[in-house]
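Listed here are the chains, written in short residue letters.
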Amino acid sequence: MSSDATKSSHSPIKQHTFIYECSNPQGGKIKGEMNATNIAIAKAELRRQGLTPIKIKRKSKPLFNFHNKKISPADICAFSRQMATMMTAGVPLVQSFDIVARGSDNLSMKDLVLRIKSDVEDGHSFSDALRKHPMYFTPLFCNLVAAGETSGALDTLLDRIATYLEKSESLKRKIKKALFYPSAVMVVAVIVTSILLVFVVPQFQELFEGFGAELPAFTLLVIHMSNFFQSQWYFILGGIIVSIWGFVFAKKRSVTFQHFLDRVSLRLPIIGNILNKAAIARYARTLSTTFAAGVPLVESLESVAGATGNILYYKAIMHIREEVSTGSQIQSAMKNTGMFPNMVVQMVSIGEESGSLDNMLSKVADIFEEEVDTAVDGLSSLLEPLIMAILGVLVGGLVIAMYLPIFKMGSVI
C-alpha cells in the first residue's frame, strides 16, 4: 500500500473523461461529462454535488482524434498568456488551471495543464510542478516562475514570460520564413527538372532518332543527362535520401557538426546577417526579461547563452559571464567578445549607468527584431526574381534543347 502511494506521488495523475447520467434532488435527470482519475472518485464527486449516479462510464477514445495533437511552443506560449491574464484578473492559481484546461482544444495540452494543477494541489509550488515537464518548460521559464513566487509578483512575471515567449516565437517564424521559401522553390525546381528528364526528353529522343541528322551539342548534352538519370535514378534517389538522413542524424547527435553548422550559417551572405541580428535580439530580450524579474546577472547570463540558439554567441555570452563574475561591467565584457555591434554596446552602457539596463535591453531587442523583419521582407523581394530566373534557366533550357533540332530541320527545309 505504501509503495503504491509512493509511486503515485512521484508519477503524474492521469485524468480520464467519464460520461454520467444522474438524478437530482427534484427527481430530474442530468447528463454530462466530467474528468476524474477513476470511476469511484467520479461517483464520489457527483454525490458531493448532491446528485445520485444512475449510469457512469469512461468515455471511449475515437480511433482518429485530431484534437489530441503534440504540444507545440505555440501552445506553451498561449498557456503563459492565459495564465498571466487569469492571475492579473485576480483568479486563484488552481482555478486558473481549470479555466485554461477547459479552453484548450488540444487534449495533450489539456492533460498537461491538469497534471500541473494536480501537483500544485498536492502542495508543490508552481515552478516545481513545471520542472517535472522539462520537454515543454525550459529552465529559464521555471526560474522566472520561481522568482515570481518568491517575490509575490507571480502575475507580473507570468506577463513578462508570456511577452517574452510571444516575441521569441514571432522571431522564429520570421527566420523560418526567410529559409523556407527559397528551399521550397528549389525543391520544386529539382522535381520539375527530374520529371522533364525522365518522361519528356525520352519522347523527343525517339523523335530525333528518325531525323538522321547530327543533333546540336546542347541537345546531345541534355539527352546524355536524361539517359544517365534514367539508368542511375535509384542511386541518385538513394544518395539524396541518405544525405538528408545523414544531415538530420548528424545535426541531432554530433555536437561538432552542430557547431560547424552554427559557424557556417553566420557567414552565409544575406542569411548570415539575419541570423546574427536574430541572435542579438534573443540575447537582449532574454537578458531583459530575467534581469527585470530580479534574477542575478551572473545567473541570468547562463540561461541567456542557451537561448541565443548559436554556439558562437553561446561561447561569447559565457565569456561575458566569466568577466562579469570577476567584477567587470557587462558593456566592456560584451565589447571584448567582438560579437556585438557598437550601437548595442553603447546602449547597454547607458542602461548600466542609468540603472535601467532591463529597459535598454528591451529597446535593443525591439530594434533588432524590427531589423530582422525588414531583412526577411527584403530577402523575399530579392529572391523572387532570382528564383524565377533559376527556374527559367532550368526549365527553359531543357525546352530549348529539345526544340533546337526541330528549328534546325525547319531552316533546312
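Residues numbered from 1 in each chain as written. Predicted model: local features only at pLDDT ≥ 70, side-chain atom pairs only at ≥ 80, totals over all residues. Heavy atoms only, no water.

### Overview of the overall build of the protein chain
Scanning the protein chain for helices and strands turns up 17 helices and 3 strands. A compact globule built from 413 residues would reach a C-alpha radius of gyration of about 22 Å, whereas the protein chain, at 30 Å, exceeds it by more than 25%. Going through the 413 residues of the protein chain one by one, you find that 38% of them count as buried. Accessible area of the protein chain: about 23,700 Å², with a carbon and sulfur share of 61%. One way to put it: in the protein chain the 41 positive side-chain charges average out to a point 8 Å from where the 35 negative ones average out. (Helix = DSSP H or I, 4+ residues; strand = E, 2+ residues; numbered from the N terminus. Rg over C-alpha atoms; globule rule 2.2 N^0.38 Å. Buried < 20%, exposed > 50% of the residue type's maximum accessible area, 1.4 Å probe, protein only. Areas by Shrake-Rupley, 256 points an atom, 1.4 Å probe, with all protein chains shown as cover. Lys, Arg positive; Asp, Glu negative; His and termini not counted. Charge placed at Lys NZ, Arg CZ, Asp CG, Glu CD.)

### Re the packing of aromatic side chains
Counted by the stated rule, this structure contains 9 aromatic pairs. With a centroid separation of 5.1 Å and 15 degrees between ring planes, the pair formed by Trp 245 and Phe 249 is classed as stacked. In this pair, Trp 245 and Phe 249 are both assigned in helix α10 (residues 233–253), 4 residues apart and thus about one turn of the helix distant. Overall, Trp 245 belongs to the exposed group, its relative accessible area being 57%. Given a relative accessible area of 39%, Phe 249 falls into the partly exposed group. Centre to centre, the rings of Tyr 283 and Phe 340 are 4.9 Å apart; their planes meet at 45 degrees, and the pair counts as tilted. You can see Tyr 283 sitting in helix α12 (residues 271–292) and its partner Phe 340 sitting in the loop between α15 (330–337) and α16 (342–354), a full 57 residues away along the chain. Relative accessible area serves as the criterion here: at 1%, Tyr 283 is assigned to the buried category. Among the aromatic side chains, those forming a connected cluster through ring pairs are Phe 79, Phe 137 and Phe 141. (Phe/Tyr/Trp six-rings, centres within 6.5 Å; stacked < 30°, edge-to-face > 60°.)

### Considerations on the sheet that holds strand β3 (residues 52–58)
An order of β2-β1-β3 is seen for the 3 strands of this open sheet, with the pairing classed as antiparallel. The open sheet is flanked by β2 (29–36) and β3, the only strands paired with a single partner. Direction aside, the axes of adjacent strands within the sheet are offset by 25 degrees on average. (Pairing = 2+ DSSP bridges. Axes fitted to C-alpha atoms, helices over the stretch in contact; angles between N-to-C directions.)

### Quick notes on helix α3 (residues 73–88)
Compared with an ideal rise of 1.5 Å per residue, which puts 16 residues at 22 Å, α3 spans 22 Å between its outermost C-alpha atoms and is within 8% of the ideal. Ile 76, Cys 77, Phe 79, Ser 80, Met 83, Ala 84, Met 86 and Met 87 are the residues of α3 that are buried. Two residues or fewer past α3, Gly 90 is found with a positive phi of approximately 90 degrees. (Expected span 1.5 Å × (residues − 1).)

### Looking at the packing of α12 against helix α14 (residues 311–325)
Helix-helix packing is described using two parameters, namely the angle between the two axes and the distance between the axes. The interhelical angle for the contact between α12 and α14, taken along N-to-C directions, is 35 degrees, at an axis separation of 11 Å. Every pair of crossing elements has a handedness; the one defined by α12 and α14 is right-handed. On α14, the residues that touch Asn 276, Ala 279, Ile 280 and Tyr 283 of α12 are Tyr 313, Ile 317 and Ile 320. (Left-handed = near helix turned anticlockwise from the far one by under 90°. Contact = heavy atoms within 4.5 Å.)

### Topic: the confidence of the model for the protein chain
Per-residue confidence for the protein chain averages 80 on the pLDDT scale, and 92% of its residues sit at or above 70. A low-confidence stretch, residues 1–12 stays under pLDDT 50, and its non-local contacts, those more than four residues away or across chains, total 2 contacts. Throughout residues 63–67 the model reports pLDDT below 50, and contacts reaching past four residues in sequence, or to other chains, amount to 4 contacts. (pLDDT = per-residue confidence, 0-100.)

### Let's talk about the nonpolar core
Counting 45 residues, the largest nonpolar core has Tyr 283, Leu 301, Ile 320, Ile 330, Met 334 and Phe 340 as the members making the most contacts within it. Listing elements by their share of this core, those giving two or more residues are α8 (154–209), α12, α13 (297–307), α14, α15, α16 and α17 (357–412). The biggest single contributor to this core is α17, with 11 residues. Discounting chain neighbours no more than four positions away, the residues touching Phe 340 are Ile 280, Tyr 283, Tyr 313, Ile 317, Ile 320, Met 334 and Val 345. In terms of nonpolar packing, the next biggest core, distinct from the first, is built from 36 residues, Leu 112, Ile 116, Phe 141 and Ile 161 among them. (Core = buried A, V, L, I, M, F, W, Y, C linked by side-chain atoms within 4.5 Å.)

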